[in-house]
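As a plain string of letters, each chain reads:
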Amino acid sequence: MESELIAVRNLRVSFASDAGLARVLDGVDLTIGRGEIMGLVGESGCGKTTLARAILGILPGNSARIEAGSIRFDGRDLLAMDQDRLAREVRGKEIAYIPQDPFTAFNPVFTIGTQIDDLMRYKSPLLRSAPQMSRRERSRADRARVLDLLRLVQLPDPEGVLRKYPHEVSGGQRQRLMIAMALLPEPKLVIADEPTTALDVTVQAQILKILKQLARERGVAVLFTTHDLGTAYEICDRITVMYAGQEVEEAPVASFFAQPSHPYTRKLLDSLPSSENGIRGIAGEIPRLIDPPSGCRFHPRCERASEACRGTRPPRDALGPAHTVRCHHPLIAAEQAA
Amino acid sequence: MSAEPILRVEGLSKHFPVRNVWKRRIGWLRAVDDVSLEVSRGEILGIVGESGCGKSTLGKTLMGIHTATSGHVVFEGHDIAGLKPHQSRKYREHLQYCYQDPGASLDPRWTIRSSLHEPLIVHTALKEEQREQRVREILRAVGLPETHLDLYPHEISGGQQRRVGLARILTLKPSVVILDEPTSGLDVSVQATILNLFLDLQRAFGLTYLFISHDLSVVRLICDRVAVMYLGRIVEIGATQAVFETPRHPYTQSLLAAIPKIGGPRVTDSFALEGEPPSPTNLPSGCRFRTRCPMAQPLCAEQEPALRADWPAQRAACHFAE
């Protein structure tokens, strides 16, 4: 794909802990095109957040180690880049982050306006597009853009919100502010880490609507991690499923739900409570990452598992345009796929 | 419902004082405001609503963790709302409360056996052998081997701790269990295991559940009836199927419209409800939902609607619901 924005290849990350080395990411591949909304789906502990943090370069330095792999973003290898340059040029500017918890993401002792001004001092897109501007001119121009964007995320009374402290606004409004702040530096990629998990359903619907609309209008790519397949269905173009540190299937949203091919994806869809499925779980437990199963990490819980699954990790097989699966015994083989 | 309900709640309110920095009372937070409902023996009643709607406060007030401001809670024929904790203890033995993660309330320095014996020591006069027998029976019912009795909480997995927590609640043979958000924060595959356990236990022990949750898809599957709360009031109550298929109250309608439906039209293309719930310390006049309601009329600001029983299996508190 010539339009690819970010390509993660064979990424291996391990965490040192008292109990041993946990292999949290085990050779993960992920590609996101420009302006594409990619869902990263999986249960807790599958490595979604670690992958998001590895892309941002904010893995905890004392325990996490990147053992292999590359992350190419817009023509540069992020893992090979100098840390200071990464912080100055990429993080927060070209790759923005929307955290899961809008309650702890703000500093409680400064007003929201002050915190947005601080952000713009370092990450304003005008720093690059109009470097000759004086600081005062720039901050005036930025202020107008800030207010515009706050209106776009449908915050009531944008001027008033800037004078408030974080505790004075509701959770839904804080998440709107987070989206606005992520988009202000005009990033190419936004990483949204479970942005609606802490919110109620009616507010979740509003936030998803705004995020999708703004990403579309501005051509921003989004990496949207979630454990909720329903929200992934709402806003994603493509979905990648992870299990215990490995990506197992990647598909456009329509074929993902219509023709899931990996047994884990199938079981994940079946475990959604619904009147047809009743209440169905997945037998077995998520493996410990300190001593993970060999080969395909899902094999101990899989009915289709064979000797091959224990031996080697399945390669990425293409099933159709943009639909790939890593399984020795996929539910839908390449010739059957539409 | 023909038989006498096992739990009857009448006009129950719980108001918390709101104080300024000098501890002067400057208002009331009406967390639960004039709630009435009945629960029949053996049914699962779901209580749903968004955060801050008072569903947990309702559960805790029923349990006596909060003292009711006014109203009655008639449990197995006794009004327990106004009683002091020590007076109501003997009635509340059969009314149990299950927190979000019942496993988290185990004492890390006690063996599973001690934790399971404790409620029996507090509430009953059973001898040690009889207690041990009861404990083993319950442990089997929640699907754990008896060898676990001598282990400490850290030696078993989180899921097993949850089961022990449930066993602890069941040792007193409760008739009503209040489950407060029992599945939130769980992954779908684990959630199914826990829900099936609840249903198995309900059948085995003839339990009645009050299932407090914000997860509507789970409520739809396991509850017989459902009550929808908004800002301390029940706005709609009725048979699960009726409420989910033909919601009458505009709030219930928007709540259901907000759930993503895989394969259906996308909520992000159609969802219309604006704004967020107002603060419960400063409620709007009349109907509490009118500030966000697409159907609001002048009447809604003047008069608070009561629950109307205009439909066969459901009641809704709205002037204009049809």
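Residues numbered from 1 in each chain as written. Chains lettered and ligands numbered in written order. Predicted model: local features only at pLDDT ≥ 70, side-chain atom pairs only at ≥ 80, totals over all residues. Heavy atoms only, no water.

- In the annotation of an unreviewed UniProt entry, the entry for chain B reads Oligopeptide ABC transporter ATP-binding protein, and the organism field reads Falsiroseomonas bella.
- Per its UniProt entry, chain B bears the Sequence similarities (unreviewed entry) comment "Belongs to the ABC transporter superfamily."
- As its UniProt record puts it under Subcellular location (unreviewed entry), chain B is described as follows: "Cell inner membrane". (UniProt positions renumbered as here; feature names shortened; annotations may be inferred.)

- Per an unreviewed UniProt entry, chain A goes by the name ABC transporter ATP-binding protein and belongs to Falsiroseomonas bella.
- Listed under Subcellular location (unreviewed entry) in UniProt, the entry text for chain A is "Cell inner membrane".

1. Some points on the state of the cysteines
Residue and element names in this part refer to chain A.
Here comes step 1: Taken as a whole and assessed by the stated rule, the structure comprises zero disulfides over all chains.
Here comes step 2: As a non-bridged cysteine, Cys 309 has Cys 296 as the owner of its nearest cysteine sulfur, 6.1 Å distant.
Here comes step 3: The cysteine Cys 327 is free of any disulfide, with Cys 302 supplying the nearest cysteine sulfur at 6.1 Å. (Disulfide = S-S within 2.5 Å.)

2. What to know about the interface of chain A and chain B
Here comes step 1: On the chain B side, the residues contacting the 38 residues of chain A number 34 residues.
Here comes step 2: Taking both partners together, chain A and chain B bury about 2,900 Å²; carbon and sulfur atoms supply 57% of that area.
Here comes step 3: Here chain A and chain B share one salt bridge between them.
Here comes step 4: Of the charged contacts, one joins B:Asp269 and A:Lys212 as a salt bridge, the two residues approaching to 3.8 Å between their closest N and O atoms.
Here comes step 5: Applying the counting rule to chain A against chain B returns eleven residue pairs in polar contact (both at pLDDT 80 or more).
Here comes step 6: Elements with a contribution of two residues or more to the side of chain A that touches chain B: helix H7 (171-183), helix H8 (201-218), helix H9 (229-235) and helix H10 (253-258) of chain A.
Here comes step 7: For the side of chain A that touches chain B, a count of residues per class yields 14 nonpolar, 15 polar and nine charged. (Contact = heavy atoms within 4.5 Å. Buried area = accessible area lost by both parts, 1.4 Å probe. Salt bridge = Lys/Arg side-chain N within 4 Å of Asp/Glu carboxyl O. Polar contact = N/O pair within 3.5 Å; in protein donor to acceptor, adjacent residues only side chain to side chain. Helix = DSSP H or I, 4+ residues; strand = E, 2+ residues; numbered from the N terminus. Nonpolar A, V, L, I, M, F, W, Y, C, P; charged D, E, K, R; others polar.)

3. Quick notes on the sheet that holds strand E5 (residues 78-79) of chain B
All names here are of chain B.
Here comes step 1: The strand order across the open sheet formed by four strands is E2-E1-E4-E5, and the pairing between neighbours is antiparallel. Edge positions in the open sheet fall to strand E2 (25-39) and E5, since each of these has one partner strand only.
Here comes step 2: Direction of pairing for strand E1 (residues 7-19) relative to strand E4 (residues 70-75): antiparallel, over a ladder of five bridges. Considered in E4, the bridge of Ser 13 is made with Ser 70.
Here comes step 3: Along the sheet, helix H1 (residues 55-63) makes contact with E1, E2 and E4, crossing E1 at roughly 110°. (Pairing = 2+ DSSP bridges. Axes fitted to C-alpha atoms, helices over the stretch in contact; angles between N-to-C directions.)

4. With respect to H8(A)
Here comes step 1: End to end, H8(A) covers 26 Å across 18 residues, agreeing with the expected 26 Å (1.5 Å per residue, within 8%).
Here comes step 2: Burial analysis of H8(A) places 13 of its 18 residues in the buried class, the great majority of the element. (Expected span 1.5 Å × (residues − 1). Buried < 20%, exposed > 50% of the residue type's maximum accessible area, 1.4 Å probe, protein only.)

5. Some points on the pattern of salt bridges
It is possible for side chains of opposite charge to pair when their charged atoms get near one another.
Here comes step 1: Counted according to the given criterion, the structure contains 46 salt bridges over all chains.
Here comes step 2: For the salt bridge of B:Arg8 with B:Glu4, the shortest nitrogen-to-oxygen distance reads 3.6 Å.
Here comes step 3: Note that B:Arg225 is salt-bridged to B:Glu43, the shortest N-O span being 3.0 Å. Here the residue B:Arg225 occupies a position in strand E9 (residues 225-230), and B:Glu43 occupies one in the loop between E2 and strand E3 (44-48), the gap between them amounting to 182 residues. One exposure class covers both B:Arg225 and B:Glu43, and it is buried.
Here comes step 4: Shared partners join several salt bridges into a network, and the residues in it are A:Asp29, A:Glu36, A:Arg238, A:Glu247, A:Glu250, A:Arg313, A:Arg316 and A:Arg326.

6. Some details on the sheet that holds strand E6 (residues 95-98) of chain B
Residues and elements named next belong to chain B.
Here comes step 1: Strand order in this open sheet of eight strands is E6-E7-E8-E3-E9-E10-E12-E11, and the pairing throughout is mixed. Every interior strand has two partners, whereas the edge strands, E6 and strand E11 (308-311), have only one. Sheet twist, expressed as the average angle between the axes of neighbouring strands with direction ignored, equals 20°.
Here comes step 2: For E6 and strand E7 (residues 176-180), the ladder comprises four bridges, and the chain directions are parallel. Bridge pairing links Tyr 97 to Ile 178 in E7.
Here comes step 3: Where helix H6 (residues 188-205) meets the sheet, it contacts E3, E7 and strand E8 (208-213), and its direction lies at approximately 160° from that of E8.

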